[in-house]
Amino acid sequence: MGVQWQRNCNLKSRHTFGFEALARRFAVLKTVDDLAFFFREGRAPELLLGGGSNLLFADEVYEEVVVNALQGKTVLEESEEEVLLSVASGENWHNLVLWTLERAWYGLENLALIPGTVGAAPIQNIGAYGVELESVLEEVVALEWRSGERRVFSREACRLGYRDSYFKREGRGRYFIERVVLRLRKQPQPNLSYAALRQKLEEQGISQPSPREVCRAVMEIRRSKLPDPAILGNAGSFFKNPVLSGLEARSVLESFPQLPHYPLDFDESGRAVRIKVPAAWLIEQCGWKGVRRGNVGVHEHQALVLVHYGGGRGREVLDLAEEIRQSVYRKFSIQLEYEVQPVFARVEG
Ligand code: EPU
């Protein structure tokens, strides 16, 4: 059949920031065969969209946009202890989390309510409440745009890091992620390493939570802090949490001893090598929490989330983000990096 193009399609409902944007040519991908056109041309579409929950349209008109709606879940292997599940990249992530819990397959419960598609999950190694995709990812099946060849990436080959992977670095723009294979457990093994999650469950009088209870608590925390994009445009955390060297961290902590900090690893003498600090705290200390600039602003309950009140443009968020970055740098000498991907229209010719 090949890809079915529509003309002049409004992208407003296709991304969670809710800015007005237009695709001159637009198509919804239902099967991998729809991509034959691109493989023949040996190139990626100008923009491939998943759930549109981690991007910022910096421009208003894009030439060519393809939405990934590939569906399908297949059990590849099953034993008493585990199940190996292959999931098509266009499936909705949160629906997958609920679907696996219904079957009593565990491992995704802390990752409930993360917006977006399954195919986007390995690109930035999604993570929340003490768990990252890395802990359940078996492999990623991808097609190379240049050749149409299928390639299987083991977890190691995906080179996952904090909100980072091969697909964001050397592999950027080179592959279409077709399927993600997850290894899930049949025995519950709740991960309560995140203090806020433990606290929530304690408040509810639950000391040995089931994965479903963990999932429910995560959903409650997220709903209380993070704005619902259906009501207030946003793309979750706008910046990454900075990871400092031990030396950098000790230097900032001398001036700002109240800075919350979380060592990620230690050397042989027990000194922290890499230390994560919350960007939300740095931003809040610079006075940004709840600040509104025209049609955009900083969320009142979570300083890491930039929001769109309606009627604004992506550039306004970029300007605000730049101002925030500069003020954080001036006060703390720490460079914030974007977590959200700004998308610029391809300049023709
Ligand atoms: N904090 C503030 N001010 C705020 C909010 C938070 O000072 O307005 C400080 C507090 O010290 C708090 C700490 O930041 O203890 C951590 O806050 P929170 O638990 O809300 O998490 P986060 O570090 O701000 C990260 C992820 C979120 C994820 C949560 C829970 C990143 C960039 N963000 O946020 O992911 O849901 O942890 O695991 O790593 C996303 O990626 O879009 C996202 C929402």
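Residues numbered from 1 in each chain as written. Predicted model: local features only at pLDDT ≥ 70, side-chain atom pairs only at ≥ 80, totals over all residues. Heavy atoms only, no water.

Draft legend 1. Layout of the sheet that holds strand S14 (residues 243-245). If you walk across this open sheet you meet the three strands as S14-S16-S15, and the pairing is antiparallel. Because the sheet does not close on itself, it has two edges, and the strands there are S14 and strand S15 (262-266). Averaged over all adjacent pairs, the angle separating strand axes in this sheet is 30 degrees, with direction ignored. Here S15 pairs with strand S16 (residues 272-276) via four bridges, running antiparallel. (Pairing = 2+ DSSP bridges. Helix = DSSP H or I, 4+ residues; strand = E, 2+ residues; numbered from the N terminus. Axes fitted to C-alpha atoms, helices over the stretch in contact; angles between N-to-C directions.)

Draft legend 2. Up close: the domain arrangement of the protein. Assigned domains within the protein: domain 1 (6-68), domain 2 (73-185) and domain 3 (233-343). Placing the centre of domain 1 and that of domain 2 at their C-alpha centroids yields a distance of 21 Å. Every contact between the two is made by 15 residues of domain 1 and, on the other side, 16 residues of domain 2. Surface buried jointly by domain 1 and domain 2 totals about 1,100 Å² across both partners, of which 69% is contributed by carbon and sulfur atoms. On the domain 1 side of the interface with domain 2, the three residues burying the most area are Val32, Phe39 and Asn68, jointly 43% of the side's total. Along the contact surface separating domain 1 from domain 2 lie zero salt bridges. Taken together, the residues that form the side of domain 1 that touches domain 2 break down as eight nonpolar, six polar and one charged. (Domains from an automatic or database assignment. Contact = heavy atoms within 4.5 Å. Buried area = accessible area lost by both parts, 1.4 Å probe. Salt bridge = Lys/Arg side-chain N within 4 Å of Asp/Glu carboxyl O. Nonpolar A, V, L, I, M, F, W, Y, C, P; charged D, E, K, R; others polar.)

Draft legend 3. The packing of helix H3 (residues 195-203) against helix H4 (residues 211-225), seen in detail. Interaxial distance between H3 and H4 falls to 10 Å at its minimum, and their mutual angle equals 110 degrees. When the axis of H3 is compared with that of H4, the two are roughly perpendicular. Of the residues in H4, those touching H3 at Ala196, Leu197, Lys200 and Leu201 are Glu213, Val214, Ala217, Val218, Glu220 and Ile221. Split into classes, the residues belonging to the contact of H3 with H4 amount to seven nonpolar, no polar and three charged. (Parallel < 35°, antiparallel > 145°, perpendicular 65-115°, else oblique.)

Draft legend 4. Broad picture of the site of the ligand. In the vicinity of the ligand lie 23 residues, with Tyr129, Tyr162, Tyr194, Glu284 and Glu339 positioned nearest. The separation between an oxygen atom of the ligand and a polar side-chain atom of lysine 225 is 3.2 Å. Within the backbone of alanine 303, one N or O atom sits 3.0 Å away from an oxygen atom of the ligand. Considered on its own, the ligand offers 820 Å² of accessible surface; in the complex 83% of this is hidden by protein. Mapped by element, the contributors of at least two residues to the shell around the ligand are H4, strand S13 (233-237) and helix H6 (279-285). In terms of residues, the shell around the ligand owes the most to one element, H6, which gives three residues. When grouped by side-chain class, the residues that make up the shell around the ligand number 12 nonpolar, four polar and seven charged. Looking at the shell around the ligand, you find at least three residues from each of domain 2 (73-185) and domain 3 (233-343). (Near = heavy atom within 4 Å. Polar contact = N/O pair within 3.5 Å; in protein donor to acceptor, adjacent residues only side chain to side chain. Areas by Shrake-Rupley, 256 points an atom, 1.4 Å probe, with all protein chains shown as cover.)

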